[in-house]
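Inside the fold
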Amino acid sequence: DAKTTQPTSMDCAEGRAANLPCNHSTISGNEYVYWYRQIHSQGPQYIIHGLKNNETNEMASLIITEDRKSSTLILPHATLRDTAVYYCIVRVGHDYKLSFGAGTTVTVRA
Amino acid sequence: GAGVSQSPSNKVTEKGKDVELRCDPISGHTALYWYRQSLGQGLEFLIYFQGNSAPDKSGLPSDRFSAERTGGSVSTLTIQRTQQEDSAVYLCASSGTAQETQYFGPGTRLLVL
């Protein structure tokens, strides 16, 4: 799998949009971009994934650049409960051994 | 619907004792995974079950670790003769198939004294 690069940490004001960047410059054509998050002392939580097109669900939006070398996860209205470590990974569908890097520690402040 | 559940949520044991960790996957999911997450460390793959196929045990760190999945649903991870380095959070995940999104349980926090 291609590696990803994320900022170590970022702060966000409650109620504002949180934009989390991820670089995956060596991504292959058949690799998906996945986002998970892990709130303290909880298991990882799936957020969203995409291949080429932008995706939106009830939790977030995923914007993937046209060249697919980077993406941005958008939490539209951050709340204190969104404070967590956010992981961006890329994987081929048949590779079931997930691995997380260091991720981005997002702190939402009131 | 119900997500992946794991029990116990916390387990404290003495070095040398055996422990069993349980995972109930999402109903209908044929793929089930066990991972380990040590403090400050990333996700470590342990074992993968898919339907009736032979499991992928390539991530098990030693022969003290074993897992089974009965009836294609519930899975149990067993650690024999626990060591202090086994202390970690043990996570279970399931997916519809191996190609689909994995959904994680809350984990079992194991502390070996």
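Presented here is a report on the structure given in the accompanying data block. (Residues numbered from 1 in each chain as written. Chains lettered and ligands numbered in written order. Predicted model: local features only at pLDDT ≥ 70, side-chain atom pairs only at ≥ 80, totals over all residues. Heavy atoms only, no water.)

Thoughts on the side chain of B:Asp56
- Summarising the element assignment, B:Asp56 is placed in the loop between β5 (43-50) and β6 (65-69).
- A distance of 2.6 Å separates the side chain of B:Asp56 from the side chain of A:Tyr96, its partner in a polar contact.
- Sequence-distant contacts of B:Asp56, defined by excluding residues within four places in its chain, comprise A:Tyr96, A:Lys97, B:Phe45, B:Leu46, B:Ile47 and B:Tyr48. (Helix = DSSP H or I, 4+ residues; strand = E, 2+ residues; numbered from the N terminus. Polar contact = N/O pair within 3.5 Å; in protein donor to acceptor, adjacent residues only side chain to side chain. Contact = heavy atoms within 4.5 Å.)

Remarks on the interface of chain B and chain A
- Between chain B and chain A, the contact holds 20 residues from the first and 18 residues from the second.
- A buried area of about 1500 Å², summed over both sides, lies between chain B and chain A, and 53% of it is on carbon and sulfur atoms.
- Looking only at chain B, the three residues that lose the most surface to chain A are B:Leu43, B:Thr101 and B:Phe104, adding up to 29% of its buried area.
- Across the contact surface, chain B and chain A share 1 salt bridge.
- Among the ionic pairs, B:Asp56 bridges to A:Lys97, the shortest N-O distance being 3.7 Å. (Buried area = accessible area lost by both parts, 1.4 Å probe. Salt bridge = Lys/Arg side-chain N within 4 Å of Asp/Glu carboxyl O.)

As for the pattern of salt bridges
All names here are of chain B.
- Throughout the structure, instances matching the rule amount to 7 salt bridges over all chains.
- Glu14 is the partner of Lys17 in a salt bridge, and the nearest nitrogen-oxygen pair spans 3.7 Å.
- Judged by relative accessible area, Lys17 falls into the partly exposed class, the value being 44%.
- The closest approach of N and O atoms between Glu44 and Arg36, which form a salt bridge, is 3.0 Å.
- Glu44 gets classed as partly exposed once you look at its relative accessible area, which sits at 29%. (Buried < 20%, exposed > 50% of the residue type's maximum accessible area, 1.4 Å probe, protein only.)

Concerning the layout of surface pockets
- Estimates place the volume of the largest pocket at around 570 Å³.
- Looking at the lining of the largest pocket, the elements with two or more residues in it are β8 (84-92) of chain A together with β8 (88-95) of chain B.
- It is β8(A) that provides the largest number of residues to the lining of the largest pocket, a total of 3 residues.
- Considering only residue class, the lining of the largest pocket consists of 10 nonpolar, 12 polar and 1 charged. (1 Å grid on protein atoms, 1.4 Å probe; cavity = no way out; pocket = protein on both sides within 12 Å on 5 of 7 lines; lining within 4 Å. Points joined across faces, edges and corners; volume = space filled by probe spheres on them. Nonpolar A, V, L, I, M, F, W, Y, C, P; charged D, E, K, R; others polar.)

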